[in-house]
Amino acid sequence: MKIKMTRQSGYRGYQKLGENITKEKRDMHEAINCLTPIAPGKYGDLGKTLEGYNLWPEYPSNFKVVLENYISLLKDLSRKIMRGIALALGGPVDAFERGIAGDPYWAVRLISYPVSSDVPEEKRTDTGMGSHTDYGLLTLVNQDDDMCALEVQNRSGVWIHANPIPGTFVCNIGDMLEVWSNGIYQPTVHRVINSSHQRRVSAVFFYETDFDAAVEPVEFCVEKTGSVAKYEKVVYGERLVQKACCCFGDL
Ligand SMILES: O=C(O)CCC(=O)C(=O)O
Ligand SMILES: [Fe+2]
């Protein structure tokens, strides 16, 4: 396997079925992971674990071009959504740009969830991906149109399907937006269960803050929420390394 995901590739490349771990349980999916390239030394010790460049399969030969174009379009779209969120929160339109997501870290996962009965019994688990929240600002999920497998938890704790609507993305809120907005935006708890008779494929784009951003509630959100910052400052890259390394298990 030429594009196998390893520690040496900074966790980029192909992840086999059962290699992704959520809350200490193996997820029943396989994926190709592409992450923002990080040149050696760019973020010093903070970025060491995730330094590296993406691994591209030989076939299809246009894979790299198509995916890089997709990433560029989704980065633009996410920036626009963040501008809308900034205005909705009563801040300046560029509130989530310079120093926050001026040079946003991004990730893409192309995920395949098999039909459960096709998986050898010892590898079978009950979730394609266990319940979690995403780490960054926004996630744009592009899912198969004809099947329901992504579930989100509503405020009463009930799981509901995020039914696909052709031509649309499901947009999840991530942990960093919760902090920046001082809790006004809450991250969406979600999971994937493919109980159908078809393989399910999703292309998931994560739009994050700058890798080295010190994330803390922004002034105009603090003012709106009792003038007390409810969250401690976190460095996004540190949080990502902690979370990503748990997810990718022993490689
Ligand atoms: O495949 C999906 O619909 C969602 C995947 C997901 O939640 C993730 O990769 O964080
Ligand atoms: Fe997720």
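Coordinates for the structure precede this section.
These numbers were taken from a predicted model, which means no experiment stands behind them.

Definitions and cut-offs
Residues numbered from 1 in each chain as written. Chains lettered and ligands numbered in written order. Predicted model: local features only at pLDDT ≥ 70, side-chain atom pairs only at ≥ 80, totals over all residues. Heavy atoms only, no water. Helix = DSSP H or I, 4+ residues; strand = E, 2+ residues; numbered from the N terminus. Rg over C-alpha atoms; globule rule 2.2 N^0.38 Å. Buried < 20%, exposed > 50% of the residue type's maximum accessible area, 1.4 Å probe, protein only. Areas by Shrake-Rupley, 256 points an atom, 1.4 Å probe, with all protein chains shown as cover. Lys, Arg positive; Asp, Glu negative; His and termini not counted. Charge placed at Lys NZ, Arg CZ, Asp CG, Glu CD. Contact = heavy atoms within 4.5 Å. Phe/Tyr/Trp six-rings, centres within 6.5 Å; stacked < 30°, edge-to-face > 60°. Lys NZ or Arg CZ within 6 Å of the ring centre and 35° of its normal. Donors = N, O, S within 2.8 Å, 3.2 Å for Na, K, Ca; no water. Salt bridge = Lys/Arg side-chain N within 4 Å of Asp/Glu carboxyl O.

Asks: So what exactly am I meant to see when it comes to the overall build of the chain here?
Replies: Counting its regular elements, the chain contains four helices and 14 strands. A compact globule built from 251 residues would reach a C-alpha radius of gyration of about 18 Å, and the chain, at 18 Å, matches this within 12%. Reported as C-alpha extents along the three principal axes, the dimensions of the chain are approximately 55 × 45 × 35 Å. Taken across its 251 residues, the chain has 50% of its residues classed as buried. Carbon and sulfur atoms make up 53% of the accessible area of the chain, which totals about 12500 Å². Averaging the locations of the 28 positively and 32 negatively charged side chains of the chain gives two centres separated by 1 Å.

Asks: When you look at the environment of L137 in this model, what are you seeing that I'm missing?
Replies: With respect to the element layout, L137 can be found in the loop between β6 (129-132) and β7 (138-143). Looking at L137, the relative accessible area reads 0%, which means it is buried. Through-space distance from the C-alpha of L137 to that of I173 is 6.0 Å; in sequence the pair is 36 residues apart. The contacts of L137, once residues within four sequence positions are left out, are M82, A101, N172, I173, G174, M176, L177, W180, Y207, E208 and T209.

Asks: Just checking my understanding: could you explain the packing of aromatic side chains for this structure?
Replies: To describe a pair of aromatic rings, you give the distance between the ring centres and the angle between the ring planes. For the structure on display, the rule yields six aromatic pairs. Relative to Y236, the ring of Y105 has its centre 6.1 Å away and its plane inclined at 55 degrees; by these criteria the two rings are tilted. Of this pair, Y105 sits in strand β5 (residues 104-113) while Y236 sits in helix α4 (residues 236-248), placing them 131 residues apart in sequence. Like Y236, Y105 is buried. Here the aromatic residues Y43, Y105, F211 and Y236 are joined through ring pairs into a cluster of three or more. For the cation-ring pair, R191 lies above W159, with the distance from its terminal atom to the ring centre recorded as 4.1 Å.

Asks: Which parts of the structure should I look at to understand the side chain of T22?
Replies: With respect to the secondary-structure elements, T22 resides in strand β2 (residues 21-22). Taking relative accessible area as the criterion, T22 reaches 11% and is therefore assigned buried. Setting aside residues no more than four positions away along its own chain, T22 makes contact with D27, M129, G130, S131 and H132.

Asks: Whenever I open this one, the coordination of the iron ion (ligand 2) confuses me. Can you help?
Replies: Four donors placed tetrahedrally around a metal ideally meet at 109.5 degrees, and six donors placed octahedrally ideally meet at 90 or 180 degrees. Surrounding the iron ion (ligand 2) are the protein donor atoms H132 (NE2), D134 (OD) and H190 (NE2), at 2.1 to 2.2 Å. Binding-site remark: the iron ion (ligand 2) is held by donors from one chain whose sequence spacing is H-x1-D-x55-H. Of this pair, H132 sits in strand β6 while H190 is found in strand β11 (residues 190-192), placing the two residues 58 residues apart along the sequence.

Asks: What exactly am I supposed to notice about the environment of G47 here?
Replies: Along the chain, the position of G47 falls in the loop between β4 (30-35) and α1 (63-88). Among the residues examined, G47 registers a relative accessible area of 0% and is labelled buried.

Asks: For this particular structure, what's the right way to read the pattern of salt bridges?
Replies: Between side chains of opposite charge, a pair can form when the charged atoms approach closely. Under the counting rule described, the total for this entry stands at twelve salt bridges. Ionic pairing is found between K42 and D103, a salt bridge with its closest N-O pair at 3.9 Å. Note that K42 is positioned in the loop between β4 and α1 and D103 in the loop between α1 and β5, a separation of 61 residues in sequence. For K42, a relative accessible area of 46% puts it in the partly exposed group. Across the pair D175 and K243 runs a salt bridge whose closest N-O atoms are separated by 3.3 Å. A residue pair is termed long-range when its members are at least 10 positions apart, and D175 in helix α2 (residues 175-180) and K243 in helix α4 qualify at 68 residues. By relative accessible area, D175 is classed as buried at 8%. Given the relative accessible area of 27%, K243 is considered partly exposed.

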